[in-house]
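Tertiary structure, described
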Amino acid sequence: MQTREFFVSGPGKVILHGEHSVVHGKVALAVSLNLRTFLRLQSTSSGEVHINLPNIDTFLSWEITALQPLLAGCKAEQGGLKELDADLLKRLREFTGISEDSTDTRSMAVLAFLYMYLSVFAESLASITVSVWSELPTGAGLGSSAAYNVCLSAALLSARGNISYPLTPQQESASKEEMELINRWAFMGEKIIHGNPSGVDNAVGTWGGFLRYHAGNITPLSWVPILRILLTNTKVPRSPKVLVSAVKDKINKFPSVMKPVLESVSAVSCACEQTLTEMAAHGPSAELYNILEELIDINQHHLNVMGVGHSSLDTLCRVTLARGLHSKLTGAGGGGCGITLLRPETDTSVIQRTVEELKACGFDCWETSIGAPGVQQHSSAALSQDILKILHSY
Ligand SMILES: Nc1ncnc2c1ncn2[C@@H]1O[C@H](COP(=O)(O)OP(=O)(O)O)[C@@H](O)[C@H]1O
Ligand SMILES: C[C@@](O)(CCOP(=O)(O)O)CC(=O)O
Ligand SMILES: [Mg+2]
């Protein structure tokens, strides 16, 4: 290893349109958030692997000699990183005592970490300490799992020497090939946490900005006008794994009913993209904003049809609509976060009153900024003292 300490970060995301449908090969539009996850990887000579996850109160370590036998016959890097190595995962589940149906926050984070660590360092297990801290709420629909997996992937690949670190002053970001590698490993982590992820979250976490995602094809939409988004966290916990699987069951039970719904959501994503294109070309008119708002309402109804709504999200829609604002859930639904579209001219007093009312419902609510950069390497000098303090505490 050339460097003793690695710092990386990755952004969260909001899905504007296409959650759930995107799992079934339909179009989604998603954009990165200004809230990030930060990771510090330190190479040591302790003969141990440590993971510190203060957001979820998890601090664990293992002797490398205890982990080594798990690698017998490991083939995790084969198959173009499309499928998980089921044997390695099974051995890991036995080793950690994490059952297959577990959706427990800590278990999922630990399993994703150990799987990626063992796979990336399969040839020679290294002593490392990894500390992760995030500004994102965990498990609320803002892609905290993807930001976590993108950071793990980037840091482990950097420490292993598969990715150049630190970047030279001439390089603004990792190469396209390196970014693709980070994304593919992050997708493996998402598979462990989510079961059957579409890949949209890790794509946004890796590349950042505004993306159209369709069956694994990622198209950056760099020309999109800046949108003002109010984010509301209902704080109702939910499991994307369970919700994604429930939607799949519903599609299997009522294929002729549900497939048109997925198709319609895909059409909503395309109509939204077209409207944003017109806005970029001709400026944001009131008519175009009317269309964006109607599309939000249509999609929210569709998500309710899929069974991923929640009374807290109904409350969000009702409170905001009373002030002429349109909202929908974002991410897996069943609680978690919702987005509300603000117009450029939406008055600050309207936003303030809406935020107050939503807070009175027990929700967290704030205007966010979107389009943040994707995965980044940092020198310790480039990180804020607060973040460094947290990452250095363990
Ligand atoms: N900061 C973090 N530290 C540790 N694990 C995290 C962190 N952020 C996310 N995770 C992992 O990701 C899971 C949450 O992901 P998920 O349920 O997909 O929600 P979302 O991605 O919408 O936030 C957690 O259960 C945990 O395993
Ligand atoms: C429901 C889904 O479309 C998005 C889930 O997002 P989140 O994990 O709730 O942030 C699943 C996926 O795309 O893999
Ligand atoms: Mg997630």
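All of the points below concern the structure found in this document. Here the structure is a predicted model, which is why all the values come from computation and not from measurement.

1. A look at the site of ligand 1
In the vicinity of ligand 1 there are 20 residues, among which Thr-105, Gly-139, Gly-141, Ser-144 and His-194 approach most closely. Take Ala-109: an N or O atom from its main chain is 3.2 Å from an oxygen atom of ligand 1. Interatomic distance of 3.0 Å between a backbone N/O atom of Ser-145 and an oxygen atom of ligand 1. Coverage of ligand 1 by the protein chains reaches 96% of its 570 Å² of free accessible surface. When contributions to the shell around ligand 1 are tallied by element, the ones reaching two or more residues are helix H3 (105-120), helix H4 (144-160) and helix H5 (176-194). Residue classes in the shell around ligand 1 are distributed as 9 nonpolar, 10 polar and 1 charged.

2. Examining helix H9 (residues 286-306)
Given a rise of 1.5 Å per residue, 21 residues ought to cover 30 Å, and the 30 Å separating the end C-alpha atoms of H9 matches this to within 8%. Leu-288, Tyr-289, Leu-292, Glu-293, Leu-295, Ile-296, Asn-299, Gln-300, His-302, Leu-303 and Met-306 are the residues of H9 that are buried. The positive-phi residue at the C-terminal boundary of H9 is Gly-307, with phi of around 90 degrees.

3. Points about the site of ligand 2
Taken together, 19 residues surround ligand 2, and among them Lys-13, His-20, His-194, Ser-198 and Arg-238 come closest. Between ligand 2 and the protein, one listed contact pairs an oxygen atom with a backbone N or O atom of Gly-143 at 3.2 Å. Between an oxygen atom of ligand 2 and a main-chain N or O atom of Ala-332, the distance comes to 3.0 Å. In the complex, the protein chains occlude 97% of the 380 Å² of accessible area that ligand 2 would expose alone. When residues of the shell around ligand 2 are traced back to their parent elements, those giving at least two are strand S1 (5-17), helix H6 (200-207) and helix H7 (240-253). Looking at the shell around ligand 2, its residues break down into 9 nonpolar, 6 polar and 4 charged.

4. Regarding the nonpolar core
In terms of nonpolar packing, the biggest core is built from 64 residues, with Phe-113, Tyr-117 and Tyr-148 touching the most fellow members. The dominant element in this core, judged by the number of residues it contributes, is H3, at 12 residues. Ranked by size, the runner-up nonpolar core spans 29 residues in total, among them Leu-29, Leu-276, Leu-292 and Ile-339.

5. Some thoughts on the side chain of Ser-127
By secondary structure assignment, the location of Ser-127 is in the loop between H3 and strand S5 (128-134). There is a polar contact of 2.9 Å between the side chain of Ser-127 and the backbone nitrogen of Gly-47. Here Ser-127 is in contact with Gln-42, Ser-43, Thr-44, Ser-45, Ser-46, Gly-47, Glu-48 and Ile-64, once residues within four sequence places are set aside.

Rules and cut-offs
Residues numbered from 1 in each chain as written. Chains lettered and ligands numbered in written order. Predicted model: local features only at pLDDT ≥ 70, side-chain atom pairs only at ≥ 80, totals over all residues. Heavy atoms only, no water. Near = heavy atom within 4 Å. Polar contact = N/O pair within 3.5 Å; in protein donor to acceptor, adjacent residues only side chain to side chain. Areas by Shrake-Rupley, 256 points an atom, 1.4 Å probe, with all protein chains shown as cover. Helix = DSSP H or I, 4+ residues; strand = E, 2+ residues; numbered from the N terminus. Nonpolar A, V, L, I, M, F, W, Y, C, P; charged D, E, K, R; others polar. Expected span 1.5 Å × (residues − 1). Buried < 20%, exposed > 50% of the residue type's maximum accessible area, 1.4 Å probe, protein only. Core = buried A, V, L, I, M, F, W, Y, C linked by side-chain atoms within 4.5 Å. Contact = heavy atoms within 4.5 Å.

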